[in-house]
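This is what each chain is made of:
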Amino acid sequence: MSSLRWAFLLDVNKCLGCRSCEVACKNYYHLGESQRYRRVATVEWGNEGRDGLFFLSLACNHCESPECFRVCPERAYRKRRDGIVIHEARLCTGCCTCVQACPYGGPQYDADAGKVGKCNLCVGLLDQGEEPVCVRACHTEALRLLDLSNPDAVAFAAWVPGFPDTRLTHPAVRFVTSCGGDWKMGDHR
Amino acid sequence: MVTVSAKRFRHLCPRNCFSTCAIISTVENGRLVRVEGDPEHGFTRGRLCAKGYAYPQLIYSRRRITVPMRQYPRGSGHWHRISWEEALTTIAAKILELKGRYGSLLSVCLNKQSGNFGYLHYAVEGMFNAMGYITRAEGNSCWSAGLDARIFDLGADRQSDPEDMALARSIVLWGVNPAWTAVHQMHFITMAREQGATLVVIDPLYTATAAQADYYIQVRPGEDGALALGVARYILERGWQDEDFLREYVLGWPEFRSYLEREVSVVWAAEKAGVAPEAVAVLAKLLAWYKPAAIWTGMGLQRHTNGGQNVRAITAPAAMTGNLGQPGGGLYYASQQTWNLLKYNARDWPPPPGATGWVLWPGVVGDGAGDGLEPVAGGGSRPVGAAGVVAGRQARAGDPGVAVGHRPVNTNDFARQVLACTDPPVKMLWVASRGLASQDPLVTSLEEAMGLMETVVLVDHFLTPTARFADIFLPATTPFEEWDVVLSYWHYWLGINQPAIAPVGESRSDLEIAMHLSAKMNELSPGSCTFPTSGSQEEWVAAEFTPEIYVLADIRDYRELLDRPRKLAWPRVSWEGGKFATPSGKYELCSEQAQKCGLPSLPVYVPPAAPSPAYPYRLLTSHQQLGINSQFLHLGWLGGSERATVLLPPGLARRLGVRSGMQVCLYNASGEVVLPAMVSRQVPEDVLLCYQGWYGPGAPEINAIVGGLMTDMGSYKTGFPAPALYDTFVNIYVL
Amino acid sequence: MGGLEMEKEARAGGKMPGYLRQLLRAVAVGQGLPALLAVLGDMLQRPVAVTDAAGRLLASHCQEGEVAGWPEVLALPLVASDPWRGSVALKGGERTAAVIPLGEELVQGYLVILENGRPLPAGILARARQMAVAVLLELSRQAAVVEVEKRYRNEFIQDLIYGNFVSLEDVIARGQVWGWDFSRPYALAVLEMDGLSGGAAGRAEVQRFASLSAHYLERWEAGVITSERGGQVIVLWPAPGSSADWVSLKARMHSLLSRLRSQAAPGLGRTFSAGIGRFYPSVLYLYRSYQEAKIALGLARVFGQQGGINTFDELGVLRLLYEVPQPDLEVFYRQILGPLEEYDACHDGSLVDTLAAYLASNGNAGLAAKKLFIHENTLRYRLRRIEEVLGVSLDRLEDRVNLFVAFTLCALRQGPARD
Ligand code: SF4
Ligand code: SF4
Ligand code: SF4
């Protein structure tokens, strides 16, 4: 009875922070200069003498309870049965209410177009059975798609440090994480 | 959505980068709408790096200059549009006037580097070759010390197929950050790791690649040699060396062994390198017991006064453990092993008969390429005169008993050496594929040298910092507007680059500029340039292909590459069977050639340059993720959120009271630069980090304070040593 | 279970016991559960009933002259042994019964056999278990039909509450298929069980919760529509045409949800919390009401509340806070409580906890002292310290409001726990 529900799956152990995904998306959709539907953040951490560095490649999370969708006065948003939160640029007046409401920086304003845009999970490609542009651009398969209706999906983490609060919007993004790979043998002092 | 009118074209990224990606562009209604990776290419596998995906913005950037322009007065920023006719006439007339004034073209100088590795771009060299002998910026600022080190050890700069790194059981990334600079290789590294391989990253900086590693070893900058010698000593102490391999295939093991026993201890090495002794043990164990081990040496670590020596030291334990000549293992650096398979047709044109050129004392000729492709004749022992300039005199070709050529100046000491050229002086400069005003060491010294020039021509896409010095700007096409063929210095794939769109504005390719200038020269002075004045770009591409490369690519015609790229059937494994290209035919731990160049014959420890009390912090200027030298970084898509910053380690930041975002001033005897600070755990204490490159108009010029010292090696292969960029020391204060 | 034994028996004797043949015939001709139970009851000579997994009565049978008094919903234990013996609450009082779960991995319902004061003889029980297979067969057949229908229904409701439709006309037309009138407005509530775990067990509980809520709410209020999504039950409540009646509708929703809580609790073994969105005069805006209901519920969860009914338009300051960007909240928090945290860190103190307890006790020092297990004088001394460190007066309303808000933010800024 459960049907397909798309989510992004990011393997934090494999993400290189190379930003190919980010710019591939920009290139494919001709985004405005300041728009980045997908963004790669660097998370530096350190405690008890151990340091670490990892990267978070994030886009719109196609939330279960999308704030963008709730607040938009033009009803420019909708959520498809497969979970994809669609922003219909046609209906957008560029009021940016959603930009303020989304905790994840999903919707972004393009001054040239006078409208907001956001990741629609490459719905055009997906509907033709192809992978999203960012997933296809990923060098190490760190970024993939996941079907949340699959019972195995519960094995993945719903949150990692550096990611905003998930408790109200329930973003459809999951992570593979583990410590390790941070054994620093240098003792520079 | 792909519309009916969409057309797709194949391209190759010609930048100075390991990957040389195969790109497919989509053109709709004459406009290039997007790029993507070519899935038929086995190394780049349908993916581009972030920079590659930003090409559409480069092509259509509002800042791109697509018409010829003249700046008057120079440096004023007052540019006005001129016609190609006017530009070419002005330039040709100037060249001919200088030729008349000095009796040769030695007062004309070419400074071209690695901005575009397309074979048709060698038309710039070709055009000047075809006019006569000029003054040329030679040498290489990038990799020459490491290159010489490899030649001394191995005899030639050859390496195995990088795709086979997937077969390694241990991978040592020594001072290389492929997650940023060769991201496609990370796939093969990940494959190896999924098969259980161990990944070690050795780097003073905690890089994105280091974050992936099983072991990260934070070595002190310039102390890589000490660490490597410690590993060698550890192997020796345990008797883990491959005695059979050493006996059969290695020259100088007894000498090196006794050096290790005499001078090196593991504790000393760990102390020098600033690492825990366990790090030495882990490396030794991996090399000796987890074979095949792939050791990839980066280029940063050879940008030190002891850089070449460090590279030799790093390769020594690999030879001791017999990690050479097997699939999956071996020494990786960068290699142009396949480049001579193409003809260099665009480059190699004869001068007009009886041209006057330069004779090197004692009568030897520089090779002209200056990119490390062929050894410079008499390499390493060229006579050096004032200011390090290669000594020589002007002479006419065909004069009995002399061979004439171009007058070489060290591109890494360009300003000083150009100023030292007096007979004749340099009066005109042509800059192509090059951003010298942001990339040269101590860029501020360019001012005076540029003052000498009566005409400076810049061929480029943008008004880079170099444009300040230019009189005439010629707009170049991008790879999407021209034919070309490019080979990689890393992988074995061959492809082709076809134009997808008409040249934007009035831009022209280097090849077209060469043909048109040749036509203009001959119009004003018949016979003054032998460079062809006609021929389609595609014909020029065709002319680069040789029967040999057709066999290796298993094609009969270059047009077959329009269907898909091919992998060359080049030997997958280098140094198979222990046959090396050195004079002895063995791996030379003890190199007579090195000794002849005034270097130690053994890979012994040489300490790095040390900071002074006045300038106590080392400044590293590594490559930026989103730029290749002066390219890409200034594009909004990539640099939009990035600005030039100086990264400080937390401890130092605390001592100085610096917090992220504060403005700080870095200074040394050469000058000062003001930058925002960023506190980062990625940087070791006592080190500052600024990613080099051109961040766009108005960005701080970090190279004002970078440089001054030279690397130990580099002269043998490229004719000149390279700048020891990472031996830059500065002080800092908070604004 | 029964299936194998039945097969064995059939193979061994080549003939099937007569009662089984009779039962299977009843299934095959599709006479439905009542007919099946009649056969069963006659054979067992006991009152029998079948419930769904949630304990809702589907069919029952009694011998002539007997009145069992079956209730609408039987409170059965969730994980029953097979068979389970115990007392069940009937209308006339407690009776002991033998209960046989129907279905192997996923329990689809229960067969309940009332006892006459003493346990069923083993022979009868074994026979009853064989016959249960026939009941299960019928139940599965019906369930399959219902499932398909439910899926279409759920999909439509999801389209409705996620704005996934073309126009109001489209919604109205599709609603008519189900007999719903979407030309009138609806209010929306979201219900979720408290402290539910994930996994298959959680799934079963959710299903049980959903069918119970559907059962009661749809019965109590004509036109109520329920649907399950992601572990939550969505309730669409037909509303009077204007927002003027919203207050009384809200009150009615509150009271029915409370009633549901008391009715359903025995069968659930858990409490549930609810969120109610705002009222919009057109179903076009149901999607917004849905998001609001979830926020009201989610915020209650963030603040650790259970079992409440939370209305979005009564969230008050919480909602305002929630809408302020995180960095601004952070700055506010630092300004108000930062010095106290620093003081605690330097002096190994517990002033933050003290103040929290004091405010949580509505400023009653005696109560706060008791909560903290300290003497009231110690508390007073600490409160003075707090006033000094923060430069505030706890008697001033403004200062107290600021401190209250800052503590509220504490919960908002903690972020989800790492698993
Ligand atoms: S991430 Fe932001 S834009 Fe995307 S669905 Fe969630 S709230 Fe909306
Ligand atoms: S799914 Fe498509 S639109 Fe979304 S971030 Fe990836 S490439 Fe961009
Ligand atoms: S392409 Fe893959 S590895 Fe690179 S930043 Fe994106 S997710 Fe990470």
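Here, every reference points to the structure presented above.
Keep in mind that what you see is a predicted model, and the values were worked out from it rather than measured.

Criteria and cut-off values
Residues numbered from 1 in each chain as written. Chains lettered and ligands numbered in written order. Predicted model: local features only at pLDDT ≥ 70, side-chain atom pairs only at ≥ 80, totals over all residues. Heavy atoms only, no water. Helix = DSSP H or I, 4+ residues; strand = E, 2+ residues; numbered from the N terminus. Rg over C-alpha atoms; globule rule 2.2 N^0.38 Å. Buried < 20%, exposed > 50% of the residue type's maximum accessible area, 1.4 Å probe, protein only. Contact = heavy atoms within 4.5 Å. Areas by Shrake-Rupley, 256 points an atom, 1.4 Å probe, with all protein chains shown as cover. Near = heavy atom within 4 Å. Nonpolar A, V, L, I, M, F, W, Y, C, P; charged D, E, K, R; others polar. Buried area = accessible area lost by both parts, 1.4 Å probe. Salt bridge = Lys/Arg side-chain N within 4 Å of Asp/Glu carboxyl O. Pairing = 2+ DSSP bridges. Axes fitted to C-alpha atoms, helices over the stretch in contact; angles between N-to-C directions. Core = buried A, V, L, I, M, F, W, Y, C linked by side-chain atoms within 4.5 Å. Phe/Tyr/Trp six-rings, centres within 6.5 Å; stacked < 30°, edge-to-face > 60°. Polar contact = N/O pair within 3.5 Å; in protein donor to acceptor, adjacent residues only side chain to side chain.

Engineer: Explain the overall build of chain C to me, and be specific about the residues and the numbers.
Structural biologist: Per the secondary structure count, chain C includes 14 helices and 10 strands. Against the globule reference of 22 Å for 419 residues, chain C gives a C-alpha radius of gyration of 28 Å, more extended than a compact globule. Buried positions account for 48% of the 419 residues belonging to chain C. In chain C, of all internal contacts separated by at least 6 residues, the share reaching a separation of at least 24 is 60%. Accessible surface computed for chain C: about 19,900 Å², of which carbon and sulfur atoms make up 53%.

Engineer: Give a detailed account of the site of ligand 3, specifying residues and quantitative values.
Structural biologist: In the region of ligand 3, 13 residues are neighbours, and C15(A), L16(A), C18(A), C21(A) and C138(A) sit closest. By residue class, the composition of the shell around ligand 3 is 8 nonpolar, 4 polar and 1 charged.

Engineer: Please give an account of the interface of chain A and chain B that cites residues and values.
Structural biologist: Tallying the contact residues gives 41 residues for chain A and 55 residues for chain B. Summing both sides of the interface, chain A and chain B together bury roughly 4,000 Å²; the carbon and sulfur share of this comes to 52%. Linking chain A with chain B are 1 salt bridge. Elements with a minimum of two residues in the side of chain A that touches chain B: α1 (20-29), β2 (39-47), β3 (50-58) and α5 (133-137) of chain A. In terms of residues, the side of chain A that touches chain B owes the most to one element, α1(A), which gives 6 residues. Considering only residue class, the side of chain A that touches chain B consists of 14 nonpolar, 14 polar and 13 charged.

Engineer: Please provide a residue-by-residue account of the sheet that holds strand β8 (residues 143-147) of chain A, values included.
Structural biologist: Residues and elements named next belong to chain A. In spatial order, the strands read β8-β1-β9; together these 3 strands make up an open sheet with mixed pairing. Two strands bound the open sheet, and with one partner strand each, they are β8 and β9 (173-176). Pairs of neighbouring strands in the sheet enclose a mean axial angle of 30°, with direction left out of account. Both strand β1 (residues 6-11) and β8 contribute to a ladder of 5 bridges, which runs antiparallel. Paired with W6 across the bridge in β8 is D147.

Engineer: How would you explain the nonpolar core if you had to name every residue and give the values?
Structural biologist: Note on soluble globular proteins: their nonpolar side chains tend to be buried together. Residues and elements named next belong to chain B. Ranked by internal contacts, the top residues of the largest apolar core, which has 210 residues, are W430, F545 and L666. Ranked by residues supplied to this core, first place goes to helix α3 (residues 84-102) with 8 residues. When near neighbours in sequence (up to four residues on either side) are disregarded, F545 contacts L342, K343, V485, L494, I496, Y550, Y558 and L561. Ranked by size, the runner-up nonpolar core spans 64 residues in total, among them Y234, I295, L301 and L599.

Engineer: Can you break down the packing of aromatic side chains residue by residue, with the values?
Structural biologist: Aromatic ring pairs are described here by two measures, namely the spacing of the ring centres and the angle between the planes. Residue and element names in this part refer to chain B. In the structure shown here, the tally under the stated rule is 51 aromatic pairs over all chains. With centroids separated by 5.4 Å and ring planes inclined at 65°, the aromatic side chains of Y55 and F632 adopt a geometry described as edge-to-face. With Y55 in helix α2 (residues 55-60) and F632 in the loop between β23 (617-620) and α21 (636-639), this residue pair connects regions lying 577 residues apart in the sequence. Members of the aromatic cluster, joined through ring pairs, are F18, F117, Y119, Y122, W296, Y332, W339, Y344, Y489 and W490.

Engineer: Give me the interface of chain A and chain C: which residues, what numbers.
Structural biologist: Counting residues at the interface gives 24 residues for chain A, matched by 34 residues for chain C. Summed over both partners, the interface of chain A with chain C comes to about 2,700 Å²; 53% of that surface belongs to carbon and sulfur atoms. In this structure, D159(C) engages R81(A) in a salt bridge whose closest nitrogen and oxygen atoms are separated by 2.7 Å. Viewed at the interface, chain C and chain A are joined by 11 residue pairs in polar contact (both at pLDDT 80 or more). Contributions of two or more residues to the side of chain A that touches chain C are made by α2 (67-71) and β4 (77-79) of chain A. Per-class residue counts for the side of chain A that touches chain C are 10 nonpolar, 3 polar and 11 charged.

Engineer: Explain the site of ligand 2 residue by residue, including any values.
Structural biologist: All names here are of chain A. Neighbouring residues of ligand 2: F8, C25, Y29, R38, A59, C119, L121, C122, P132, V133 and C134. Contributing elements (two or more residues each) for the shell around ligand 2: α1 and α5. Residues that form the shell around ligand 2 fall into these classes: 10 nonpolar, no polar and 1 charged.

Engineer: Help me get a handle on the pattern of salt bridges, residues and values and all.
Structural biologist: It is possible for side chains of opposite charge to pair when their charged atoms get near one another. With the rule as written, the count across this model stands at 69 salt bridges over all chains. As a salt-bridge pair, R559(B) and E538(B) come within 3.7 Å of each other at their nearest N and O atoms. You can see R559(B) sitting in the loop between α19 (547-553) and β21 (566-567) and its partner E538(B) sitting in helix α18 (residues 537-544), a full 21 residues away along the chain. Under the relative-accessibility criterion, R559(B) is labelled partly exposed at 45%. Between R85(C) and E115(C) there is a salt bridge; the shortest N-O distance is 2.9 Å. Of the two residues, R85(C) sits in strand β3 (residues 84-90) while E115(C) sits in the loop between β5 (109-114) and α4 (122-161), which places them 30 residues apart along the sequence. Within the structure, one salt-bridge network assembled from shared partners comprises R81(A), R151(C), E155(C), D159(C), D170(C) and R174(C).

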